[in-house]
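# Report on the structure
What follows is the residue order along each chain.
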Amino acid sequence: MLSMATRLQSWRKVRAATVTSSRTFRGSSSDGAWRNDTPAGSNTEVFVYNPEFNIAWPDSQLGVVARKDKNFNLPGNIGANPTGSLDQLQIPPPSKQPDILSTPTVKESQVHALYNANDFIRYTAGSDRDVFASPRMLRDFPSLPSNEMMDLKVHTAPTLLRKELGDLFPEEDLTAGPLSIITMSILTEHDMSTWSEEVEAEREKLTEHTVISCKEICGRLKEDGYWADFIDPCSGTPHFSGHTNTTMFETDEKFRLLGFRIEDLGCCKVISHAKFGRHVFVGCIVTNAAAGSDAVDNIVEDISPYYM
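Residues numbered from 1 in each chain as written. Predicted model: local features only at pLDDT ≥ 70, side-chain atom pairs only at ≥ 80, totals over all residues. Heavy atoms only, no water.

## Notes on the environment of alanine 289
Take alanine 289: it is sitting in the loop between β9 (280-287) and α6 (294-303). In this structure the C-alpha to C-alpha distance between alanine 289 and proline 178, which are 111 residues apart in sequence, comes to 6.3 Å. Dropping the residues within four chain positions of it, alanine 289 is found in contact with Ser180, Leu221, Tyr226 and Val296. (Helix = DSSP H or I, 4+ residues; strand = E, 2+ residues; numbered from the N terminus. Contact = heavy atoms within 4.5 Å.)

Okay, structure coming up:
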């Protein structure tokens, strides 16, 4: 008998059932490796032994630190619930908590609401009567800040710069297809190579204006089906794309490939514009819209008509 059990790697314990005996199941840890394998309609109980069934904790997914739920105190995390309702449980089911990895942030929810409002206004007939208290359509888009002092140039990305931009935008394939660099040069009142409270205040103001203008340009390009992102003037990293360790500040040597001069003053470096000299604050936009395309030309004409 023992040799047969050794060959089969499992053995069965058979017990004749009597009319007066009652079937019970022992839930102790010593019987954790036994499984009731009695065929339906059989008068003989059959138990199968397998050491793999002997699990030391109640739930293999929770681990040894899992707390036993009083609602499911039977072996196998089974509990009695005759009513079929979860309202009378001793321990209420866990509330649905937001997942910080998948739940949208407040900013993302606001952007989603604005996109929905934009679609409603554009594609719903008669929506202007519901949106505006006094229906009135704007003929021209409000001008962007500092656009009267802005020089907007579009450059086809050189091969060398295309390779270096790949480190800034690792999520995008910039090796093939059109790639354009839009530089936004703003004439400043003060020489940006110096430092004073007035220069610092003007730099902070133009940083805000540059971000607003870059968001507007990227939004228009994305609306036309292109990919677009810009370099944040504060961090030197992409604004919309994922974070990288590669930076591109306004005194980066990459701007030499875009027609700027980078002057080394010994204590620091400063960027110089062909028309504005050192009185300049520069922003940078990267897009896969080709230079000379209608989408890019319309943006340059609308935002910076003074240097066309």
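From this point, things continue past the structure.
## Notes on the side chain of threonine 207
Within the fold, threonine 207 resides in helix α5 (residues 197-223). Of the polar contacts made by the side chain of threonine 207, one reaches the backbone oxygen of arginine 203; its length is 2.7 Å. (Polar contact = N/O pair within 3.5 Å; in protein donor to acceptor, adjacent residues only side chain to side chain.)

## Quick look at the packing of α5 against α6
Where α5 contacts α6, the two axes come as close as 10 Å, and the packing angle between them is 150°. Note that α5 runs across α6; the crossing there is right-handed. On the side of α5, the interface is formed by Ile217, Arg220 and Leu221, while α6 contributes Ala295, Val296, Ile299, Asp302 and Ile303. For the contact of α5 with α6, the per-class residue count stands at six nonpolar, no polar and two charged. (Axes fitted to C-alpha atoms, helices over the stretch in contact; angles between N-to-C directions. Left-handed = near helix turned anticlockwise from the far one by under 90°. Nonpolar A, V, L, I, M, F, W, Y, C, P; charged D, E, K, R; others polar.)

## What to know about the nonpolar core
Ranked by internal contacts, the top residues of the largest apolar core, which has 22 residues, are Leu152, Met184, Ile217, Leu221, Ile285 and Ile303. Of all the elements in the fold, those that place two or more residues in this core are β4 (150-156), β5 (180-187), α5, β6 (228-230), β9 and α6. Every residue in contact with leucine 221, bar those within four places of it in the chain, is listed here: Ile182, Tyr226, Ala228, Thr287, Ala289, Ala295, Val296 and Ile299. Counting 21 residues, the second-largest nonpolar core is a separate cluster that includes Leu161, Leu179, Ile231 and Phe260. (Core = buried A, V, L, I, M, F, W, Y, C linked by side-chain atoms within 4.5 Å. Buried < 20%, exposed > 50% of the residue type's maximum accessible area, 1.4 Å probe, protein only.)

## Focus on the confidence of the model for the protein chain
A low pLDDT score tells you not to read the predicted coordinates there in detail. Summary statistics for the protein chain give a mean pLDDT of 76 and a share of 67% for residues scoring 70 or more. At the low end of the mean pLDDT range in the protein chain sits helix α1 (residues 2-8), at 42; at the high end sits β9, at 94. Below pLDDT 50 for its whole length, residues 1-30 participates in 27 contacts with residues either more than four positions away or in separate chains. (pLDDT = per-residue confidence, 0-100.)

## Focus: the packing of aromatic side chains
We describe a pair of aromatic rings using the distance from one ring centre to the other and the angle between the two ring planes. For the coordinates displayed, the defined rule picks out three aromatic pairs. Seen from their ring centres, phenylalanine 230 and phenylalanine 240 are 5.7 Å apart, and the 85° between their planes marks the pair as edge-to-face. On the criterion of sequence distance, the pair formed by phenylalanine 230 in strand β6 and phenylalanine 240 in the loop between β6 and β7 (261-264) is long-range, its members being ten residues apart. For phenylalanine 240, a relative accessible area of 41% corresponds to the partly exposed category. (Phe/Tyr/Trp six-rings, centres within 6.5 Å; stacked < 30°, edge-to-face > 60°.)

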